[in-house]
Amino acid sequence: MGTPYQILQELGLRLPTPPKPVGSYVLALQVADLVFTSGQLPFWNGELKYQGKLGKEISLEEGKKAAELCVLNALSVIEALTGNLDHVKQVVRLVGYVASNEGFTAQPQVVNGASDLLVRVFGERGKHVRVAIGVAELPLGAPVELELLVRLGA
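Residues numbered from 1 in each chain as written. Predicted model: local features only at pLDDT ≥ 70, side-chain atom pairs only at ≥ 80, totals over all residues. Heavy atoms only, no water.

Colleague: Please provide a residue-by-residue account of the overall build of the protein, values included.
Modeller: In terms of helices and strands, the protein carries three helices and seven strands. Along its sequence from the N terminus, the protein presents helices and strands in the succession α-β-β-β-β-α-β-α-β-β. For a compact globule of 154 residues, the expected C-alpha radius of gyration is about 15 Å, and the protein comes in at 14 Å, within 12% of that figure. Projected onto its principal axes, the C-alpha positions of the protein cover 45 × 35 × 25 Å. (Helix = DSSP H or I, 4+ residues; strand = E, 2+ residues; numbered from the N terminus. Rg over C-alpha atoms; globule rule 2.2 N^0.38 Å.)

Colleague: Let's hear about the pattern of salt bridges: which residues, and what values?
Modeller: Overall, the coordinates contain six salt bridges when judged by the stated rule. A salt bridge links Glu124 to Lys127; the shortest N-O distance between them is 3.0 Å. Relative accessible area serves as the criterion here: at 45%, Lys127 is assigned to the partly exposed category. (Salt bridge = Lys/Arg side-chain N within 4 Å of Asp/Glu carboxyl O. Buried < 20%, exposed > 50% of the residue type's maximum accessible area, 1.4 Å probe, protein only.)

Colleague: Outline helix H2 (residues 60–82), listing residues and values.
Modeller: The terminal C-alpha atoms of H2, which comprises 23 residues, lie 33 Å apart, in line with the 33 Å expected from a rise of 1.5 Å per residue. Count one or two residues on from H2 and you reach Gly83, which has phi positive near 95°. (Expected span 1.5 Å × (residues − 1).)

Colleague: Hey, could you go over the environment of Ala136 for me, with residue numbers and the actual values?
Modeller: On the secondary structure map, Ala136 appears in the loop between strand E6 (129–135) and strand E7 (144–152). Classification of Ala136 as exposed rests on a relative accessible area of 52%. A C-alpha to C-alpha distance of 7.3 Å links Ala136 and Asn101, two positions 35 residues apart in sequence.

Colleague: Could you give an account of the packing of H2 against helix H3 (residues 107–122), naming the residues involved and the relevant values?
Modeller: At their nearest, the axes of H2 and H3 sit 7 Å apart, and the two run at 45° to each other. By the angle between their axes, H2 is oblique relative to H3. Crossing of H2 over H3 shows right-handed handedness. Seen from H2, the contacting residues are Leu60, Gly63, Lys64, Ala67, Glu68, Val71, Leu72 and Leu75; seen from H3, they are Gln109, Val110, Val111, Gly113, Ala114, Leu117, Leu118 and Phe122. Counted by class, the contact of H2 with H3 contains 11 nonpolar, three polar and two charged residues. (Axes fitted to C-alpha atoms, helices over the stretch in contact; angles between N-to-C directions. Parallel < 35°, antiparallel > 145°, perpendicular 65-115°, else oblique. Left-handed = near helix turned anticlockwise from the far one by under 90°. Contact = heavy atoms within 4.5 Å. Nonpolar A, V, L, I, M, F, W, Y, C, P; charged D, E, K, R; others polar.)

Colleague: Tell me what's going on with the pairing of strand E5 (residues 88–99), and back it up with residues and numbers.
Modeller: Inspection of the sheet shows E5 paired to E7 by nine bridges, in the antiparallel sense. Counterpart to Val98 in the pairing with E7 is Val144. Of the crossover connections in this fold, the one passing from E5 over H3 to the parallel E6 is right-handed. (Pairing = 2+ DSSP bridges. Right-handed = clockwise from strand over helix to strand, strands pointing away.)

Set out below in structure tokens:
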């Protein structure tokens, strides 16, 4: 298994520029060996790439891609704070919020877009606990918002 950067490259993915906060908060905070990210939306270099609700304007596959993009933003924020994703010893927790149309109940499958990518990038270190929650609305009309907690180590 290669480094997180090698695996992202093999997958044809790269980290976006860390997003700018859309409110009064910091993007990530390190407490001892833990890094907590703020909620990440599906931005790509400043542009919100997906808008709408799952089960209405957004398909399940688009939702998974939006979740993947959210987690790439979270990783870019962690990299900006720590200097290198190689410092991630364990992905601890992923919380996913999915803007859901009435009757849409596949929130876990949407958030799998992020979870599966974390396991591909970090292997065993990418396995994590998780919450997937359906909500009525998210900031800026985004379909998915994710927050990530990782543990750093040598």
